[in-house]
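Fold and contact review
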Amino acid sequence: MMKKIFFLVALVLVFFGYRAYIHASSYYFVWENTNLTIPLNGNISDFMYFPKANLYLDDKRIEDSNISYLRTGNNLYLLDDVDTSTVGRYYVMYYAYDYDLQTANCDGYSQLICFEVVDDIPPTIDIIDSNLKLSYNVKSFDFKSYINVYDNNELVSYNIDDSNVKYGVVGNYSAHVYAFDGYQSSSKDINIRIVDEVAPNLTFLPENKILEIAYIDNLEIDFHKYFKAIDEYDGNVIQSLEISNYDNKSLLPQILTARVSDNSNNYKTIEFTLLIKDNEPPSITLKGIENIIYLEDIDFFNPYDYIVNVSDNLSNLTINDVNIEGKLEKKIGSYKYIYKIKDESENETKKEIIFRVLSLNYSKITIKNPTIYVNDEFDIYKYVNVVDDSDSSAINNLKIINSNLNTKNKGTYYIEIAVNNSSGNFSYATMCVKVVSRSNSYLKYYIFIGGIAFIFLIFKVIKKYKGKS
């Protein structure tokens, strides 16, 4: 009996084994999505269903197969061993079978699935301000306090390349930030602007902030030499000097503004006073420096008639603005007149004219023709009288212009004389001088005395005779 039962069991096992053999040798699985990439810290459940198995029979895919899966793995390759928080490759054994078709042991029913956890997110670089402004005084910059770099994984390294930045030199530059986490890299640029924000130093050189300039026609003032403009970065910036508008003919104080700027448009202004001064005196032209006025015309004399013109660079002056000092008398002589004129700036010009008062009259010469003795001294002034209404001292200008007088010898001689009065008029006369011996002179004297005595005697006789009668 036992033998019969064992035989029946064996027959059944052979039947089912043969059947299973037939199925296993006819069906097979082909897998897809066996290599999966999971982002770091991803959820495994989002990826564990991606692997799929397709059932084939004699190279023909069975479309209506009802495939079940075992995804938890086996002792060696467990799903629980996949750690998505750590980069790496993990393997899980998957199983597929179709209960309806009994495909548990067919080819490909098991498949080793690879889950690779990768870091596909690059590091994040946060810059406080991607447009960094630095003063030219800064020689270097610590970017660590200016940049935040973080990553979903441990950061491997980051660096900052500022080799193109010229610290201390005004301009626009770029610095580069590089970060690498071992898998991904990222970079950002920092725009760096080196600036000069310090205004130049402007100094006005004249004292008391007053610039005095002498007026000239078409005045153009070069203000550069009156200022000093130094910038810490650009150095001498005096060529940028600008001056507010001014009137180059006004003598009134003008408040002006001076402005200088550097190459970064930093500027400095100061106010100062411009005072244009007229240092040029007016001009006066007179008719000569010496003029002759005749005594006969003195009543018609006007000193203003001797002004040719007056002029000034700014003031509108006329002849009436001339002040004249002097007095002309009605007598021969020289008189000084001073002509003065001032402009609005109190510049004064003085000029002089000498007026010589002369006369058209000539001296009147009266002459006595004398008789003198031999060897007597001869004084011509005893025999000459000069009358001149314009020159009472004209006789002092008496001159002998020709004479043949010889007091040592008897004879008749002639003397030609001239008188030049103070007006320059000459008068002429001729004197006759007789030189006689002294003996002849006594005889004549005695005859003259005897004649007078005789006449006196006759006069007395006649008077006596009339008294008796």
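Counting restarts for each chain, with residues numbered from 1 along the sequence as it is written. A pLDDT threshold of at least 70 governs which residues receive local features in this predicted model, and a stricter bar of 80 or more applies before side-chain atom pairs are shown or counted, although totals over entire chains, interfaces and linings include all residues. Side-chain figures throughout are based on the complete set of non-hydrogen atoms in the structure, without hydrogens or water.

Once that is clear, we can look at the overall build of the chain. Along the chain, the regular secondary structure elements total two helices and 32 strands. The principal-axis extents of the C-alpha atoms in the chain amount to approximately 265 × 40 × 40 Å. Here the chain holds 469 residues, and the buried ones make up 32% of them. Accessible surface is estimated by sampling points in the Shrake-Rupley manner with a 1.4 Å probe; for residues, cover comes only from the protein chains shown. On the chain, roughly 30400 Å² of surface is accessible, and the fraction owed to carbon and sulfur atoms is 51%. Computing the positive centroid from 45 side-chain charges and the negative centroid from 61, the chain places the two 30 Å apart. Put simply, DSSP marks the helices as runs of H or I at least four residues long and the strands as runs of E at least two long, and each gets a number from the N terminus on. The buried label applies to any residue whose accessible area, calculated with a 1.4 Å probe on protein chains only, is under 20% of its type's maximum; exposed applies above 50%, and partly exposed to all values in between. Counted charges follow a simple rule, with Lys and Arg positive, Asp and Glu negative, and His plus the chain ends left uncounted. Every charge is mapped onto a representative atom, which is NZ of Lys, CZ of Arg, CG of Asp or CD of Glu.

We now examine a nonpolar patch on the surface. Residues forming no salt bridge and having over 30% relative accessible area are the ones grouped into patches, like charges within 9 Å of each other and nonpolar side chains (Val, Leu, Ile, Met, Phe, Trp, Tyr) within 5 Å. The term salt bridge refers to a pairing of a side-chain nitrogen on Lys or Arg with a carboxyl oxygen on Asp or Glu at a separation within 4 Å. Where nonpolar side chains cluster on the molecular surface, the patch consists of Phe454, Ile455, Ile458 and Ile462 and spans about 390 Å² of accessible area. Among the secondary structure elements, isoleucine 455 is positioned in helix 2 (residues 438-468). For isoleucine 455, a relative accessible area of 58% puts it in the exposed group.

One confidence number per residue, pLDDT, is output by the predictor and ranges from 0 to 100. Here the chain averages 88 in pLDDT, while 92% of its residues score no lower than 70. This stretch, residues 1-24, has a pLDDT under 50; its non-local contacts, to residues over four places away or in other chains, come to five contacts. Two residues form a contact once any of their heavy atoms are found within 4.5 Å.

Two strands qualify as a pair provided DSSP detects at least 2 bridges between them. On the basis of which strands lie adjacent, the open sheet formed by four strands has the order 22-26-25-24 and mixed pairing. In the strand order of this sheet, the two ends are held by strand 22 (290-294) and strand 24 (323-325), each with one partner. On average, each strand axis in the sheet is inclined to that of its neighbour by 30°, with strand direction left out of account. In this analysis, axes come from line fits to C-alpha atoms, helices being fitted only over the stretch in contact, and the angle between any two N-to-C directions falls in the range 0 to 180 degrees.

This part covers the side chain of serine 423. Here serine 423 is to be found in the loop between strand 31 (411-420) and strand 32 (426-436). Of note is the side chain of serine 423, whose polar atom sits 2.4 Å from the backbone nitrogen of serine 359. When residues no more than four places from it in sequence are discounted, the contact partners of serine 423 are Ile332, Leu358, Ser359 and Ser390. Here a polar contact is taken to be a pair of N or O atoms separated by no more than 3.5 Å, where protein atoms must pair a possible hydrogen donor with a possible acceptor and residues adjacent in sequence count only if both atoms sit in side chains.

Before going further, it helps to examine the pattern of salt bridges. Under the criterion given, the structure shown has 11 salt bridges. Glutamate 116 is the salt-bridge partner of arginine 89, the closest N and O atoms lying 3.7 Å from each other. With arginine 89 in strand 6 (residues 88-98) and glutamate 116 in strand 7 (residues 110-118), this pair connects stretches of sequence that are 27 residues apart. The class for arginine 89 is exposed, based on a relative accessible area of 55%.

Quick look at the environment of glutamine 184 now. Position of glutamine 184 among the secondary structure elements: in the loop between strand 12 (171-180) and strand 13 (185-195). The contact partners of glutamine 184, leaving out residues within four places of it in the chain, are Asp119, Asp120, Ile121, Pro122, Pro123 and Ala179. Side-chain polar atoms of glutamine 184 contact the backbone oxygen of aspartate 119, separated by 3.5 Å.

Moving on, we get to the nonpolar core. Buried Ala, Val, Leu, Ile, Met, Phe, Trp, Tyr and Cys residues that are joined via side-chain atoms within 4.5 Å together make up what is termed a nonpolar core. The biggest cluster of nonpolar side chains holds 22 residues, and the ones touching the most others in it are Phe29, Trp31, Tyr94 and Phe115. Of all the secondary structure elements, the ones that give two or more residues to this core are strand 1 (27-32), strand 2 (35-39), strand 3 (52-57), strand 6 and strand 7. At four residues, strand 6 tops the list of elements feeding residues into this core. For tryptophan 31, the contacting residues outside a window of four places in its chain are Lys52, Ala53, Tyr69, Tyr94, Tyr95, Ala96, Gly108, Tyr109, Ser110, Gln111 and Ile113. Ranked by size, the runner-up nonpolar core spans 21 residues in total, among them Ile213, Leu219, Tyr226 and Leu274.

The subject of this paragraph is the side chain of arginine 71. Within the secondary structure layout, arginine 71 lies in the loop between strand 5 (67-70) and strand 6. The buried charged residue arginine 71 lacks any salt bridge, with glutamate 32 as its nearest oppositely charged partner at 11 Å. The contacts of arginine 71, once residues within four sequence positions are left out, are Met48, Tyr49, Leu79, Val92 and Tyr94.

Turning our eyes to something else, we now look at the pairing of strand 31. Relative to strand 31, strand 30 (residues 398-403) runs antiparallel, the two sharing five bridges. Its bridge partner being in strand 31, lysine 399 is matched across the sheet by alanine 418. The sheet contact formed by strand 31 and strand 32 spans 10 bridges and is antiparallel. When the bridges of strand 32 are listed, tyrosine 413 appears paired with valine 433. Hairpin connection from strand 31 to strand 32: five residues lie between these consecutive antiparallel strands, with glycine 424 at a positive phi of about 85°.

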